[in-house]
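Reading the structure
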Protein chains: 2
Amino acid sequence: MESGSRRVGRPRRLSREAILRSAERILTEEGAEHLSMRRLAKDMSSTPMALYHHVKDKDELLLLLLELRTGRLPPAELPREPRERLLAGARSLHEMLATCPWAVDALTPDGRVSAPARRIVETMIDAAVDCGLNPDRARHAYGVIWNYTLGELLVRFNRERARRQGDSTPWERAMRSLDPVAFPLLAGLGGQLTEIAGAGHYQRGLEAVVDGLLRQGVA
Amino acid sequence: MESGSRRVGRPRRLSREAILRSAERILTEEGAEHLSMRRLAKDMSSTPMALYHHVKDKDELLLLLLELRTGRLPPAELPREPRERLLAGARSLHEMLATCPWAVDALTPDGRVSAPARRIVETMIDAAVDCGLNPDRARHAYGVIWNYTLGELLVRFNRERARRQGDSTPWERAMRSLDPVAFPLLAGLGGQLTEIAGAGHYQRGLEAVVDGLLRQGVA
DNA sequence: ACCTGAACACCGTTCAAGT
DNA sequence: ACCTGAACACCGTTCAAGT
């Protein structure tokens with residue numbers, strides 16, 4: 001809403017919205033490693049310090065960007081059956097965050113970074129209760145699912161990053177130097193990493209995790 | 001072993017070992033955020049570039065530090081019963097990495113960063129096979145356990161970091177602004193976070209994850 | 001062979017001043 | 001009220017030179 005009093009002082013050239021738009025563009029077009037206050041200012045033909053008039057600091061900027069992205073997704077349609085609802089909740093949390101590799105630090109606590117995320121988390125715990133867990137166990141179950149989800153995202157993000165910057169990360173090196181005689185089973189993992197990281201992988205693991213939690217809770 | 005030929009050129013003042021010792025000290029006494037090539041050089045009364053004669057770059061330095069730490073732990077005694085062996089393997093991986101919050105990036109791929117870690121991973125997959133999973137499923141199971149473990153570590157690390165630097169992270173703020181009427185179950189999580197992150201939490205979740213995976217695999 | 005010094009190309013943020 | 005410019009206190013790394 002417009003303020004009743006007339007504006008005073010210098011007219012604004014920047015705005016929080018414009019800043020977020022520019023930041024979002026750098027993020028998608030050039031990747032998080034190129035998003036800096038200085039770079040962003042240059043992009044907007046302004047100075048670094050002008051930005052600090054619209055956001056508290058870089059942390060706040062990233063948080064706002066995260067809320068912007070996760071808030072844009074349409075609210076998930078959740079099935080009625082409680083186990084399915086729990087699975088669907090986890091999947092949409094996973095999906096929602098899969099586009100924000102740069103926000104891992106903000107994500108870590110528990111996935112409650114934006115209003116839509118909060119809704120999903122609440123729904124998941126609720127679904128767990130409907131599956132027969134008491135509230136404490138339901139919250140614990142959510143925590144385990146969150147840990148699994150975050151771990152999966154992290155592995156995925158880092159692999160993508162490695163791919164982008166030409167392949168030879170510590171992990172790739174360790175993989176190549178692995179003796180397949182001493183480590184026959186582990187060596188198999190190496191060749192499979194791509195497939196393992198594929199679309200169905202998270203889902204299949206998630207079902208195991210959820211079923212394990214539900215059995216533990218109702219036993 | 002000593003080289004047969006006499007040393008030529010300038011005598012060395014630095015050595016990889018001395019560098020690692022200094023870095024290790026900074027890491028434990030001041031935290032990872034204070035470990036920089038410049039700081040490290042200053043600590044050793046040398047120059048940043050002297051370090052590059054002994055390690056390729058900062059990434060390699062961190063990797064060496066990780067191997068140093070994880071390699072120091074005594075090899076875990078693993079129980080004979082396969083399910084227990086799988087659990088014990090995961091626990092010792094978890095324990096081993098719990099002291100290296102600064103190495104998350106190197107960890108991400110799959111926990112095979114050091115020789116002892118490789119042994120444990122191989123043992124875990126082997127244990128999963130002994131539980132009745134085929135090698136593919138066993139590897140997948142390991143992947144899920146790793147994701148869960150890594151996620152748990154990450155949440156733990158970030159919470160500790162938040163504690164250290166005075167409490168008010170994005171997550172804490174989001175927690176305070178949470179409406180307990182709209183989110184009764186989620187709000188409960190807030191109050192419980194410390195307990196949930198306690199010692200038994202990882203273990204309890206791990207059992208659920210493992211049992212879920214085993215059931216999925218042998219069904 | 002091992003080390004130094006200066007330089008390059010960056011960071012986030014503070015502070016005092018301008019309009 | 002909003003923005004600028006200069007400065008502070010850092011980064012990792014390259015490159016040419018010294019002993």
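Residues numbered from 1 in each chain as written. Chains lettered and ligands numbered in written order. Predicted model: local features only at pLDDT ≥ 70, side-chain atom pairs only at ≥ 80, totals over all residues. Heavy atoms only, no water.

By the naming in an unreviewed UniProt entry, chain A goes by TetR/AcrR family transcriptional regulator C-terminal domain-containing protein and is assigned to Streptomyces althioticus subsp. attaecolombicae.

Things to note about the overall build of chain A
Stated precisely, the cut-off is as follows: Every helix listed is a DSSP run of H or I at least four residues long, and every strand listed is a run of E at least two residues long, numbered separately from the N terminus. Burial classes: relative accessible area under 20% of the type maximum marks a residue as buried, over 50% as exposed, and values in between as partly exposed (1.4 Å probe, protein chains only). In these tables, accessible area is a Shrake-Rupley quantity obtained with a 1.4 Å probe, and a residue counts as shielded only by the protein chains included in the view.
Looking only at helices and strands, chain A has 11 helices and 0 strands in total. Across chain A, helices and strands are ordered from the amino to the carboxyl terminus as α-α-α-α-α-α-α-α-α-α-α. Burial analysis of chain A (219 residues in total) assigns 51% to the buried set. Carbon and sulfur atoms make up 52% of the accessible area of chain A, which amounts to about 11,300 Å² in all.

As for the relation of the copies chain A and chain B
This is how the line gets drawn: Residues below a pLDDT of 70 in either copy are left out; the C-alpha atoms of the rest, at least 70 in both, set the least-squares superposition of the copies. Note on contacts: a residue pair qualifies if any of its non-hydrogen atoms lie within 4.5 Å across the two residues.
When chain A is fitted to chain B, the best match, at an RMSD of 0.1 Å, comes from turning it 180° and sliding it 0.0 Å along the axis. Here the copies are linked by what is in effect a two-fold axis. The share of interface residues of chain A whose copies in chain B are also at the interface is 100%, consistent with both copies meeting through the same surface.

Describing the packing of helix H5 (residues 82–98) of chain A against helix H8 (residues 135–164) of chain A
Residues and elements named next belong to chain A. Here is the rule we go by: Note on geometry: axes are C-alpha line fits, over the in-contact stretch for helices, and angles between N-to-C directions span 0 to 180 degrees. Left-handed describes a crossing in which the near helix is turned anticlockwise from the far one by less than a right angle; the clockwise case is right-handed.
The geometry of H5 relative to H8 is characterised by a closest axis approach of 10 Å and an angle of 35° between their N-to-C directions. Crossing of H5 against H8: the hand is right-handed. Only Tyr 142, Ile 145, Trp 146, Thr 149, Glu 152, Leu 153, Arg 156 and Phe 157 of H8 make contact with H5, whose side of the interface consists of Leu 86, Ala 90, Leu 93, His 94, Leu 97 and Ala 98.

Examining the protein's contact with DNA strand D
Rule in force here: Any residue with a heavy atom lying within 4 Å of a molecule or strand is counted as near it. A 3.5 Å cut-off defines polar contacts: any pair of N or O atoms within that distance qualifies, except that in protein one atom must be a possible hydrogen donor and the other a possible acceptor, and neighbouring residues in sequence count only when both atoms are side-chain atoms. Under the grouping applied here, Gly and all other residues not named as nonpolar or charged are polar, the nonpolar ones being Ala, Val, Leu, Ile, Met, Phe, Trp, Tyr, Cys and Pro and the charged ones Asp, Glu, Lys and Arg.
Near DNA strand D you find 22 residues, and of these A:Arg13, A:His54, B:Arg38, B:Met49 and B:Tyr52 are the closest. Among the atoms of DNA strand D lying within 4 Å of the protein, the sugar-phosphate backbone contributes 54%. In the environment of DNA strand D, a phosphate oxygen lies 3.0 Å from a nitrogen or oxygen atom belonging to the side chain of A:Thr47. B:Tyr52 places a polar side-chain atom, nitrogen or oxygen, 2.6 Å from a phosphate oxygen of DNA strand D. Sorting the residues of the surface near DNA strand D by element identifies helix H3 (48–51) of chain A together with helix H2 (37–43) and helix H3 (48–51) of chain B as the ones contributing at least two each. Here the residues of the surface near DNA strand D are counted per class, giving 9 nonpolar, 5 polar and 8 charged.

Quick notes on the interface of chain A and chain B
When the parts come together, some accessible area is lost, and that loss is often what is quoted as the size of the interface. Put simply, the rule reads: Buried area: the accessible area, evaluated with a 1.4 Å probe, that two parts lose upon being put together, summed over both parts. The salt bridge definition used is simple: a Lys or Arg side-chain nitrogen within 4 Å of an Asp or Glu carboxyl oxygen.
Between chain A and chain B, the residue contacts involve 56 residues of the former and 56 residues of the latter. Contact between chain A and chain B buries roughly 5,300 Å² in total, counting both sides, with carbon and sulfur atoms accounting for 63%. For the chain A face of the interface with chain B, the top three residues by lost area are A:Arg112, A:Arg139 and A:Leu185, together amounting to 13%. Our count for the chain A to chain B interface comes out at 0 salt bridges. Summed over the shared surface of chain A and chain B, the result is 14 residue pairs in polar contact (both at pLDDT 80 or more). For the side of chain A that touches chain B, the secondary-structure elements that each account for two or more residues are helix H6 (104–107), helix H7 (115–130), H8, helix H9 (170–176), helix H10 (184–196) and helix H11 (199–218) of chain A. In terms of residue count, the dominant contributor to the side of chain A that touches chain B is H8(A) (17 residues). Tallied by class, residues from the side of chain A that touches chain B come to 30 nonpolar, 11 polar and 15 charged.

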